[in-house]
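Structural overview
Given next are the chains, with one letter for each unit.
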Amino acid sequence: MDFERNENTLERLRKISIFDFTDYSEYLNSYVNEYGKYSHGPFNLKNWAKRLGYRSASSLAMVLNKQRIPTWKMIASLSEDFKLSKNERKYFELLVDLERKKQAGEPIHEILKETHRLSGLKEYQQINFDQFVVISDWHCYVIKRLVSNKNFIDDLDWIYRALRRKVTKAKIKESIDSLISVGMLSRDDKGQLVDSNPQTHTGNQIPSAAIRNHHKGMLMRGIEAIEEQDVSSRMFQGLTLNMKKDADLESAFEDIKKFINKFNKKYSKDGAGDSVYQLSMMLYEHTDISNEVEQ
């Protein structure tokens, strides 16, 4: 398949929002990975490099593998190829500058502040993947929420019991230290734990082993809850339906995100809640019958 001539595929790929990413390499690799889904063929890096004006694909390959930071010229070429708006290109430039400063050990606070503004995440602190890897275990987020609970006691024994003895005290202490190290928890003037950033955001559908690990942990806790918790304190709902994959799936994802935001605003009670709950929603494809249909 000729990548350059497949304009339908290109238009669908351009719908990938850069504002859902906190790492420029993750954004570019998502573009490459999604190409295979839409085109049903391998991604041709040489054709892409040629379209961008490069004689070989080596520079692009090194950027994708994070072995080289893209030049401003490459950023301009990629921005034009993706048809990025002014704000989207600025955000792309900031992500590249963020990586430069991180590698140089320079302050990144102002860049993070600007990426937060451009992405429109007014209610959430956007954390990067280096931070998320540190706190990817399921209990880290539960501890973070537990700290803002009105009944919280800053005591390892109390936290151990509150977590239903699912996590060792040593692991709890390690997780608290990790949460403090990435700025999601802190200690006040009295030395008590406080939630530094009540709401956090990691982006949308970004490939990451850390995120997969996080969701697997939450799903395992759900399986345990089926056996251990009374039906009066839990609810599991499922819906099996036929959908128009190409026409409806993207819209379905958006509806779920809107519901999650609305649900969170209505029921999240930081400082007033008396228990930590987990809401998990899944929408996935049971079948793969495309080949059968074509035969």
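These figures come from a predicted structure and were not determined experimentally.

It is worth spelling out the nonpolar core at this point. The biggest cluster of nonpolar side chains holds 31 residues, and the ones touching the most others in it are Y24, Y27, L28, W48, L78, F82 and F92. Among the secondary structure elements, those contributing two or more residues to this core are α2 (24-39), α3 (45-52), α4 (58-64), α5 (72-81), α6 (86-104) and α7 (109-119). Considering every element that reaches this core, the biggest residue donor is α6, with six residues. Excluding residues that lie within four positions of it along the chain, Y27 makes contacts with I16, I18, F21, F82 and L84. By size, the runner-up hydrophobic cluster in this structure holds 20 residues, among which are L146, V147, F152 and M218.

Attention now moves to unusual backbone geometry. A positive phi angle, near 55°, is found at K83, a position not held by glycine. Here K83 is to be found in the loop between α5 and α6. One non-glycine residue, R164, lies in positive phi territory at about 60°. Examined against the element boundaries, R164 turns out to sit in the loop between α10 (156-162) and α11 (169-181).

Relative to the elements of secondary structure, N149 occurs in the loop between α9 (138-147) and α10. N149 sits in the buried class, given a relative accessible area of 9%. Only 2.8 Å separates the side chain of N149 from the backbone nitrogen of N151, close enough to count as a polar contact. When sequence neighbours within four positions are dropped, the list of residues in contact with N149 reads G273, D274, S275 and V276.

The next point concerns the packing of aromatic side chains. Applying the stated criterion across every chain yields a total of seven aromatic pairs. Seen from their ring centres, F19 and Y91 are 5.0 Å apart, and the 70° between their planes marks the pair as edge-to-face. Remark: Y91 occurs in helix α6 and F19 occurs in the loop between α1 (7-13) and α2; sequence separation between them is 72 residues. Y91 matches F19 in its accessibility class, with the two residues each being buried. When the centroid spacing of 5.6 Å and the interplanar angle of 45° are considered together, the rings of F259 and F263 count as tilted. Taken together, the positions of F259 and F263, both in helix α13 (residues 245-267) and four residues apart, correspond to about one turn of that helix. Taking the relative accessible area as the measure of exposure, F263 reaches 31% and is therefore partly exposed.

Now for the environment of R117. Structurally, R117 is set in helix α7. Residue class for R117 comes out exposed when judged on its relative accessible area of 54%. Measuring from C-alpha to C-alpha, the distance between R117 and Y91 comes to 9.6 Å, with 26 residues separating the pair along the chain.

Here is what the cut-offs are and how they apply
Residues numbered from 1 in each chain as written. Predicted model: local features only at pLDDT ≥ 70, side-chain atom pairs only at ≥ 80, totals over all residues. Heavy atoms only, no water. Core = buried A, V, L, I, M, F, W, Y, C linked by side-chain atoms within 4.5 Å. Buried < 20%, exposed > 50% of the residue type's maximum accessible area, 1.4 Å probe, protein only. Helix = DSSP H or I, 4+ residues; strand = E, 2+ residues; numbered from the N terminus. Contact = heavy atoms within 4.5 Å. Polar contact = N/O pair within 3.5 Å; in protein donor to acceptor, adjacent residues only side chain to side chain. Phe/Tyr/Trp six-rings, centres within 6.5 Å; stacked < 30°, edge-to-face > 60°.

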